[in-house]
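A closer look at the structure
Chain by chain, the residues run as shown.
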Amino acid sequence: MKIALLGYGKMGQVIEKIALERGHEIVLKKDGNTTFDGLSTADVAIDFSVPTAATSNISTCFHANVPVISGTTGWLEHYDEVAALCHEKKGAFISSSNFSLGVNIFFELNEYLARIMSKFDTYKVAMEEIHHTQKLDAPSGTAISLAKGIIENSSYTNWTLEKPEAEQIHIEAKRIGTVPGTHTVAYKSSVDAIEIKHTAHNREGFALGAVIAAEWIVGKQGIFTMKDVLDLK
């Protein structure tokens, strides 16, 4: 399989390593100073760029009939127009805040736990996410996905980084050292607490999941999620 890497920072380099180990070829390594030369030969593109470049990168791929795996966060205000273009061009697309296999299993556990805890109003939920100091957005895309999973399965209506109102989920975002990513969801009452937690040890889990998604999407048409890739539905 021929892969175009859109964004060649630390994550792009780890994705390249994983892809080569799995027998794939890298035909484009694009950063802010390079062109899209090589994109037309790609079977799939993996975008881990920056929010300001993501929409353009993804759109260019759809116009070139190249499926896209997008792990860039912070651009989702443009998601609807990107999705519309994907359908118009009969493309294939997966966007995820986190491609880690473990995190996607964690997403499922989070939704299941939210459904159970929605029956017990003595517990209040709160979340914490910890990332390295170079991470630009806060809260993380993964934390937002976790919050959405709770909202869709409970009476909570929104999330906030500030002091929460009754129906809001408080997210505490910390930026510490070189931490790859730690997410905790806690339900607390006056007598006890229930917590689920995912801790990433390095970037390779994110990269492996993105490459697996890229392998899965080739030859398909439509907009998918990691639930489709991992058969979690």
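Going by the structure above, here's the rest.
In short, a report on the structure.

Focus on the sheet that holds strand 1 (residues 2-6)
- Taking strand neighbours across the sheet as the criterion, the six strands line up as 2-1-3-4-5-11 in an open arrangement whose pairing is parallel. The open sheet is flanked by strand 2 (25-30) and strand 11 (222-224), the only strands paired with a single partner. Direction aside, neighbouring strands of the sheet carry axes that sit 20° apart on average.
- Across three bridges, the pairing between strand 5 (residues 92-95) and strand 11 is parallel. Opposite F93, over in strand 11, you have I223 as the bridge partner.
- Helix 2 (residues 51-63) contacts strand 1, strand 2, strand 3 (44-47), strand 4 (68-70) and strand 5 of the sheet and is inclined by roughly 165° relative to strand 4.

Quick notes on the packing of helix 1 (residues 10-21) against helix 6 (residues 204-217)
- Where helix 1 meets helix 6, the axes come as close as 9 Å, and the angle between the chain directions of the two elements is 60°. Taken together, helix 1 and helix 6 sit at an angle that is classed as oblique. Read as a crossing pair, helix 1 and helix 6 show a hand that is right-handed. Facing M11, V14, I15, K17, I18 and A19 of helix 1, the residues of helix 6 in contact are E204, F206, A207, L208, A210 and V211.

Topic: the sheet that holds strand 10 (residues 193-199)
- Ordered in space as 7-8-6-9-10, the five strands form an open sheet in which the pairing is mixed. Every other strand in the sheet has two partners, leaving strand 7 (158-160) and strand 10 as the edge strands with one partner each. Ignoring strand direction, the axes of neighbouring strands in this sheet form an average angle of 20°.
- Two elements, strand 7 and strand 8 (residues 168-175), share three bridges in a ladder whose sense is parallel. The residue bridging W159 from the neighbouring strand is I169, located in strand 8.
- Running at roughly 165° to strand 10, helix 4 (residues 101-117) makes contact with strand 9 (182-188) and strand 10 of the sheet.

A look at helix 3 (residues 79-88)
- V82, A83, L85 and C86 are the residues of helix 3 that are buried. The buried residues of helix 3 occupy an angular sector of 160° when the element is viewed end-on, so they sit on one face. Away from its buried face by more than 90 degrees, helix 3 exposes D80, H87 and E88.
- Count one or two residues on from helix 3 and you reach K90, which has phi positive near 55°.

What to know about the side chain of T55
- Here T55 lies in helix 2.
- Setting aside residues no more than four positions away along its own chain, T55 makes contact with W75, H78, E81 and V82.

Here's the deal with the packing of helix 2 against helix 3
- Packing of helix 2 against helix 3 brings their axes to within 9 Å, and their N-to-C directions diverge by 10°. As summarised for this structure, helix 2 and helix 3 are arranged roughly parallel, according to the angle between their axes. Across the interface between the two elements, T55, I58, S59, F62 and H63 of helix 2 pack against E81, V82, L85 and C86 of helix 3.
- Considering only residue class, the contact of helix 2 with helix 3 consists of five nonpolar, three polar and one charged.

Side note on the pairing of strand 2
- Where strand 1 lies against strand 2, five bridges are found, and the strand directions are parallel. Counted as the bridge partner of I3 is I26 from strand 2.

Quick look at unusual backbone geometry
- The residue after A138, namely P139, is reached through a cis peptide bond having omega 0°.
- Relative to the helices and strands, P139 is located in the loop between strand 6 (124-131) and helix 5 (141-151).
- With a phi angle near 60°, N65 is a residue other than glycine that sits in the positive phi range.
- Here N65 is to be found in the loop between helix 2 and strand 4.
- Phi is positive for K90, close to 55°, though the residue is something other than glycine.

Some thoughts on helix 4
- Look at helix 4: 24 Å from first C-alpha to last across 17 residues, which is about the 24 Å you get at 1.5 Å a residue.
- Taken together, the buried positions of helix 4 are occupied by V103, N104, F106, F107, N110, E111, L113, A114 and M117.
- Buried residues along helix 4 sit against helix 5, strand 9, strand 10 and helix 7 (226-230).
- Its side-chain oxygen at 3.2 Å from the backbone nitrogen of G102, S100 defines the N-terminal cap of helix 4.

Cut-offs and rules
Residues numbered from 1 in each chain as written. Predicted model: local features only at pLDDT ≥ 70, side-chain atom pairs only at ≥ 80, totals over all residues. Heavy atoms only, no water. Pairing = 2+ DSSP bridges. Helix = DSSP H or I, 4+ residues; strand = E, 2+ residues; numbered from the N terminus. Axes fitted to C-alpha atoms, helices over the stretch in contact; angles between N-to-C directions. Contact = heavy atoms within 4.5 Å. Parallel < 35°, antiparallel > 145°, perpendicular 65-115°, else oblique. Left-handed = near helix turned anticlockwise from the far one by under 90°. Buried < 20%, exposed > 50% of the residue type's maximum accessible area, 1.4 Å probe, protein only. Arc of directions from axis to C-beta. Nonpolar A, V, L, I, M, F, W, Y, C, P; charged D, E, K, R; others polar. Expected span 1.5 Å × (residues − 1). Polar contact = N/O pair within 3.5 Å; in protein donor to acceptor, adjacent residues only side chain to side chain.

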